[in-house]
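Now for the letters of each chain:
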Amino acid sequence: KLVTINKGVEKDGAFYLFSLRLIPVFPFFLINLLMGLTPMSVSRYYITSQIGMLPGTAVFLNAGTQLAEIDSLSGIISPSVLLSFALL
């Protein structure tokens, strides 16, 4: 039953992995376990995962930076903080 999945991963595996990393619907540990069952090479898996997780990391970094800059109660509703939370 995994023959068709393995053929798809060999053909477009990096695209599947990249899409799964960008869309945080599935937990990363589950993706890691399932991709370990496929014939994808370790180097391709690593590079695709790092590129796919970079936008999410940047969004969390931005949100943390904006939260650190709040110095008053009115700072919570500033446009930059609201935009950061909208991106999350």
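Residues numbered from 1 in each chain as written. Predicted model: local features only at pLDDT ≥ 70, side-chain atom pairs only at ≥ 80, totals over all residues. Heavy atoms only, no water.

Teacher, can you tell me more about the overall build of the protein here?
A tally of helices and strands in the protein yields 4 helices and 0 strands. In the protein, the succession of α and β elements from N to C terminus is α-α-α-α. A compact globule built from 88 residues should have a C-alpha radius of gyration of about 12 Å, whereas the protein, at 18 Å, is more than 25% larger. Based on the C-alpha atoms only, the size of the protein along its principal axes is roughly 60 × 25 × 20 Å. Classification of the 88 residues of the protein by burial places 22% in the buried group. A separation threshold of at least 6 residues defines the contact pool for the protein, and within that pool the share at least 24 residues apart is 56%. Working note: accessible area of the protein is about 6,500 Å², and carbon and sulfur atoms make up 73% of it. For the protein, the distance from the average site of its 5 positive side-chain charges to the average site of its 4 negative ones is 24 Å. (Helix = DSSP H or I, 4+ residues; strand = E, 2+ residues; numbered from the N terminus. Rg over C-alpha atoms; globule rule 2.2 N^0.38 Å. Buried < 20%, exposed > 50% of the residue type's maximum accessible area, 1.4 Å probe, protein only. Contact = heavy atoms within 4.5 Å. Areas by Shrake-Rupley, 256 points an atom, 1.4 Å probe, with all protein chains shown as cover. Lys, Arg positive; Asp, Glu negative; His and termini not counted. Charge placed at Lys NZ, Arg CZ, Asp CG, Glu CD.)

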